[in-house]
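Residue strings, one per chain:
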Amino acid sequence: MEEGLLTQAELETARMPEGQPVEYAAGYESRSRLLRKAFSRLSGERAQAARDFTERNPWVKEYALYQAAKSHFQDAPWYLWPDEALRRHEAAALEHWRAVLAEDVAFHTAVQYWFFTQWTAFKDYTNARGVKLIGDLPIYVAMDSADVWADPRSFQLDEKNVPQEVAGVPPDYFSADGQLWGNPLYDYEAMQKDGFEWWIRRIGGAAKLYDVIRIDHFRGFESYWAVPYGETTAKNGRWVKGPGMALVGVLTGWFRDLDFIAEDLGYPSPEVVQLLSDSGLPGMKVLEFAFDSRDPSDYLPHSCSFNSICYTGTHDNAPLALWRTEADKADIAFAVQYLGLNDREGFNRGIIRGGMSCQSRLFVAQMQDYLGLGKGCRMNTPGTSSGNWQWRILSGEASKKLAKSIHETTRIYGRL
């Protein structure tokens, strides 16, 4: 609107419904319509700025064409597009479809330009106030993505671009069937031949967005769970040796000014523990996993080393108020005993105090935990594909009173 591409009246039609849960479908429909309208009014210097952005970020070319082609072929995944040459990412086909879909390619380029312009302004604003942004980097990418379509040689695909095995994790605490993620697996042998250039580009892109990168499923760099393509669960997979320090060393060596967090949760093998040690990266300690009354873990606050990040729980865990009702009663009793929890302080605040007081270099608590929210406010349930990532903080919940309380606890434990 400030650039004259939308009117106030048009913006009013895009307002998201208040309350819980987030209604993504409504947002997608109204936002897409308005972005198209704004694009139809884009011209002159602003249009040239979007084109210049593409020249500085070559990946946008591939992504914009991928999105335009996907729309053209009724949202079909790239490996089902009717043009075989385009599926195979052949140069002549790319040139042909760039011309045919030129307007749609330009639209998706403009959307990326707008997003990155706004994100950069947001990041500059937060960084100027001493706030750093942590970004989550999933270890795998989706099969139906510009990443795989544009560079299938980096993935374990056959001559028809069909995966033989896909990603997942074996049965664990979260799921008796394991988790069948279905992502294509990397061809690390092929990647290593050019010095893991694909990974360097990926981390380089993320480094423009974040100050700290949390590498999801870090143990997959040591060994990863490969499940035969077509399986309905992850039970029948196998462990395959990963690249280890050959890759991790390249990334930490290349990006010396970037901070990383290694998501090393689960039941790490001695080899994973060794890889984490060799990498020098901080691992994760989750307090909800610490109070197993049968087998107290090294996640207990007094066991947390400095080179670690302590969490009440991650996005994959229940908020503390919900965990309190779902966990084994003996585990809760142990937490009460260990931390001296009492009604005056409150269960959540006592757990947060335990995390604040540990030696970990960084402590993280979910806003749900500060707000005392439980049922219906969980961020994500692993192994499920719907109903997730729909909680959001509501207007008024992030109060000055809460800010003062968090500040005081942070000050007491030397974390300002």
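Our subject is the structure that appears above.
Predicted model, so just to flag it, every value in this text is computed and none were measured. All residue numbers refer to positions counted from 1 along the written sequence of the respective chain. In keeping with the model being predicted, local features are shown solely for residues with a pLDDT of at least 70 and side-chain atom pairs are shown and tallied solely at 80 or more, while totals for entire chains, interfaces and linings include all residues. Values shown for side chains rest on all heavy atoms present in the structure; no hydrogens or waters enter the calculation.

Chemist: Residue-level account of the overall build of the protein, with values.
Modeler: A count of helical and extended segments in the protein gives 17 helices and 10 strands. In terms of overall size, the protein behaves like a compact globule, its C-alpha atoms giving a radius of gyration of 24 Å where 416 residues would be expected to give roughly 22 Å. The C-alpha extent of the protein, read off along each of the three principal axes, is 70 × 55 × 40 Å. Sorting the 416 residues of the protein into buried and exposed places 45% on the buried side. Residues count as neighbours in contact if any of their non-hydrogen atoms are within 4.5 Å of one another. Sequence separation of 24 or more characterises 69% of the internal contacts of the protein that already satisfy a separation of 6 or more. All accessible-area figures derive from a Shrake-Rupley calculation using a 1.4 Å probe, and residue coverage is judged against the displayed protein chains alone. Roughly 22,400 Å² of accessible area belongs to the protein as shown, and the carbon and sulfur atoms make up 52% of that amount. Only four residue types enter the tally: Lys and Arg on the positive side, Asp and Glu on the negative side, with His and both chain ends excluded. The atoms used to mark charge sites are NZ of Lys, CZ of Arg, CG of Asp and CD of Glu. Each charge class in the protein was averaged separately, 45 positive and 55 negative side chains, and the resulting centres sit 6 Å apart. Numbered from the N terminus, helices here are DSSP runs of H or I no shorter than four residues, and strands are runs of E no shorter than two. All radius of gyration figures rest on C-alpha atoms, and the globule criterion is 2.2 Å times the number of residues raised to 0.38. For the exposure calls, accessible area comes from a 1.4 Å probe over protein chains only, and a residue counts as buried if that area is under 20% of its type's maximum, exposed if over 50%, partly exposed in between.

Chemist: Summarise the packing of aromatic side chains; cite the residues concerned and give the values.
Modeler: Each Phe, Tyr or Trp ring (for Trp, its six-membered ring) is paired with any other whose centre lies within 6.5 Å, and the angle between the two planes then decides the class: stacked below 30 degrees, edge-to-face above 60, tilted in between. Under the counting rule described, the total for this entry stands at 32 aromatic pairs. Seen in terms of ring centroids, Tyr66 and Trp81 are 6.1 Å apart; in terms of plane orientation they differ by 40°. Their pairing is tilted. In this pair, Tyr66 is assigned in helix H4 (residues 59-72) and Trp81 in the loop between H4 and helix H5 (84-87), connecting sequence segments 15 residues apart. On the basis of relative accessibility, which here comes to 5%, the residue Tyr66 falls in the buried class. Residue classification places Trp81 among the buried positions, given a relative accessible area of 0%. Between Trp78 and Tyr79, the ring centres sit 5.6 Å apart and the planes meet at 85°, which makes this aromatic pair edge-to-face. You can call Tyr79 partly exposed: its relative accessible area is 34%. In textbook terms, an aromatic cluster arises when at least three aromatic residues are bridged by ring pairs, as seen for Tyr140, Phe155, Trp181, Tyr186, Tyr188, Trp198, Trp199, Phe218, Phe221 and Tyr224. Positioned over the ring face of Tyr125 is Arg129, at 3.7 Å from the centre of the ring. Two conditions define a charge located above a ring, namely a distance within 6 Å from the ring centre to NZ of Lys or CZ of Arg, and an angle within 35 degrees of the ring normal.

Chemist: Quick rundown of the pattern of salt bridges? Include the residues and the values.
Modeler: By salt bridge we mean one thing: a side-chain nitrogen of Lys or Arg within 4 Å of a carboxyl oxygen of Asp or Glu. Counting across every chain of the model gives 16 salt bridges. Residue Glu3 is joined to Arg46 by a salt bridge in which the shortest nitrogen-to-oxygen separation is 3.5 Å. Of this pair, Glu3 sits in the segment before helix H1 (8-12) while Arg46 sits in helix H3 (residues 44-56), placing them 43 residues apart in sequence. In this structure Glu3 comes out as partly exposed when scored by relative accessible area, which is 39%. Lys70 serves as the salt-bridge partner of Asp144, at 2.4 Å between the closest nitrogen and oxygen. Of this pair, Asp144 sits in the loop between strand E1 (134-137) and helix H8 (146-150) while Lys70 is found in helix H4, placing the two residues 74 residues apart along the sequence. A relative accessible area of 24% places Asp144 in the partly exposed class. Residue classification places Lys70 among the buried positions, given a relative accessible area of 11%. It is possible to trace a salt-bridge network through shared partners that takes in Asp136, Arg214 and Asp216.

Chemist: I'd like a rundown of the side chain of Lys285, residues and numbers included.
Modeler: Within the secondary structure layout, Lys285 lies in strand E8 (residues 283-286). Once residues within four sequence positions are removed from consideration, Lys285 is found in contact with Asp298, Tyr299, Cys304, Ser308, Ile309, Cys310 and Tyr311.

Chemist: Give me the lowdown on the sheet that holds strand E4 (residues 212-215), citing residues and values where you can.
Modeler: The sheet built from 3 strands is open, its strands ordered E1-E4-E7 with parallel pairing. Strands at the two margins of the open sheet, each flanked by one partner only, are E1 and strand E7 (259-262). Across this sheet, the average inter-strand angle for adjacent strands is 25°, counted without regard to direction. We call two strands paired when DSSP finds no fewer than two bridges between them. Looking at chain direction, E1 and E4 are connected through 4 bridges and run parallel. Counted as the bridge partner of Leu137 is Ile215 from E4. In this description, a line fitted to the C-alpha atoms serves as the axis of each element, helices being fitted only across the stretch in contact, and the angle between N-to-C directions of two axes falls anywhere from 0 to 180 degrees. Strands E1, E4 and E7 of the sheet are contacted by helix H10 (residues 197-207), whose axis makes an angle of about 150° with E1.

Chemist: Please set out the pairing of E4 residue by residue, giving values where relevant.
Modeler: The alternating pattern of E4 places Val212 and Arg214 and Ile213 and Ile215 on opposite faces, both of which are buried. Bridge count between E4 and E7: 4 bridges; the pairing is parallel. Its bridge partner lying in E7, Val212 is registered against Asp259.

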